[in-house]
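Chain residues, written in single-letter form:
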Amino acid sequence: MQIRKLTAADAQAFRDIRAEMCRLHPEAFHQTPEEVRGMTEKQLHDWVAPCDTFPEKFILAAFENERILATVGFRREDLAKERHRGLIWSVYVRAEARGRGLGKQLMEQVITECRKMAGLEMLFLTVALTQTQARTLYTSLGFYTNGLNLHGYKLPDGRDIDLEEMTLWL
């Protein structure tokens, strides 16, 4: 098992796992698989690697035999009044890797790295209320609920998904 930050060279592998997470768990991620597949190479590279808009960002991934098994994304807010905040996104563990503690391990590593960033005071994330395991993980790491976004997502089948907004003070 190898854990490392993704680079631009990993863009296609990330597109594949991102499309998978959006297909298998549409209630948990804001994109559709088609939107992921339709991203330009530049958009994809800007997601995976630091860019002009968000120089302080990364995606941490767990690999086994060159295959991404789990991801956690981090992006520090870029605007002066929001630089004290960082966003956690794209938390996902493939089905065959669940139960091995990868999600927790990646989250802990991201939190540890974020605590070293000067001026970064808090992390926030959004999770679907239906994602009970993810919510339990986040709570165990010290995140607390600071609000609800009722009907935050409307799925193609018409279902509304309520979202929980969570914060961790670093």
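To be clear, the structure that these remarks concern was listed above.
Here the structure is a predicted model, which means the values were calculated and not measured. (Residues numbered from 1 in each chain as written. Predicted model: local features only at pLDDT ≥ 70, side-chain atom pairs only at ≥ 80, totals over all residues. Heavy atoms only, no water.)

K.L.:
Explain unusual backbone geometry to me, using residue names and the numbers behind them.
P.N.:
Even without being glycine, N65 reaches a positive phi, approximately 50 degrees. Take N65: it is sitting in the loop between β2 (57-64) and β3 (67-76). (Helix = DSSP H or I, 4+ residues; strand = E, 2+ residues; numbered from the N terminus.)

K.L.:
How would you explain the pattern of salt bridges if you had to name every residue and give the values?
P.N.:
The final tally for this structure, using the stated rule, is 13 salt bridges. E164 is the partner of R135 in a salt bridge, and the nearest nitrogen-oxygen pair spans 2.4 Å. Highlighted residues: R135 in helix α5 (residues 132-140) and E164 in strand β7 (residues 160-169), separated in sequence by 29 residues. Taking relative accessible area as the criterion, R135 reaches 24% and is therefore assigned partly exposed. Because the salt bridges share partners, they merge into one network encompassing E56, R76 and R83. (Salt bridge = Lys/Arg side-chain N within 4 Å of Asp/Glu carboxyl O. Buried < 20%, exposed > 50% of the residue type's maximum accessible area, 1.4 Å probe, protein only.)

K.L.:
Quick one: what's the story with the side chain of E77, residue by residue and with numbers?
P.N.:
Among the structural elements, E77 can be located in the loop between β3 and β4 (85-93). A relative accessible area of 9% means that E77 is categorised as buried. Here R75 takes part through its side chain, which lies 3.1 Å from a polar atom of the side chain of E77. (Polar contact = N/O pair within 3.5 Å; in protein donor to acceptor, adjacent residues only side chain to side chain.)

K.L.:
Talk me through the environment of E20; I want residue IDs and the actual numbers.
P.N.:
One can find E20 in helix α1 (residues 11-24). Through-space distance from the C-alpha of E20 to that of V36 is 9.5 Å; in sequence the pair is 16 residues apart. E20 has contacts with R67, Y92 and R94, leaving out every residue within four places of it along the chain. (Contact = heavy atoms within 4.5 Å.)

K.L.:
Which residues make up the packing of α1 against helix α3 (residues 41-48), and what are the values?
P.N.:
Contact geometry of α1 with α3 gives a least axis separation of 10 Å together with a crossing angle of 90 degrees. Comparing their axes, α3 and α1 come out roughly perpendicular. Counted together, A11, Q12, F14, R15 and R18 of α1 and E41, L44, H45, W47 and V48 of α3 form the full contact between these two elements. Here the residues of the contact of α1 with α3 sort into 5 nonpolar, 2 polar and 3 charged. (Axes fitted to C-alpha atoms, helices over the stretch in contact; angles between N-to-C directions. Parallel < 35°, antiparallel > 145°, perpendicular 65-115°, else oblique. Nonpolar A, V, L, I, M, F, W, Y, C, P; charged D, E, K, R; others polar.)

K.L.:
Any chance you could break down the sheet that holds β7 for me, citing the residues and the numbers?
P.N.:
Read across the open sheet, the 7 strands follow the order β1-β2-β3-β4-β5-β7-β6; overall the sheet is mixed. Every other strand in the sheet has two partners, leaving β1 (2-5) and β6 (144-154) as the edge strands with one partner each. Between one strand axis and the next, the sheet turns by 20 degrees as a mean value, whatever way the strands run. Sheet topology note: the β2/β3 ladder contains 8 bridges and is antiparallel. Across the sheet, the residue bridging to A62 is A70, located in β3. Its contacts with the sheet place helix α4 (residues 102-115) against β1, β2, β3, β4, β5 (122-128) and β7, and it is angled at close to 30 degrees to β3. (Pairing = 2+ DSSP bridges.)

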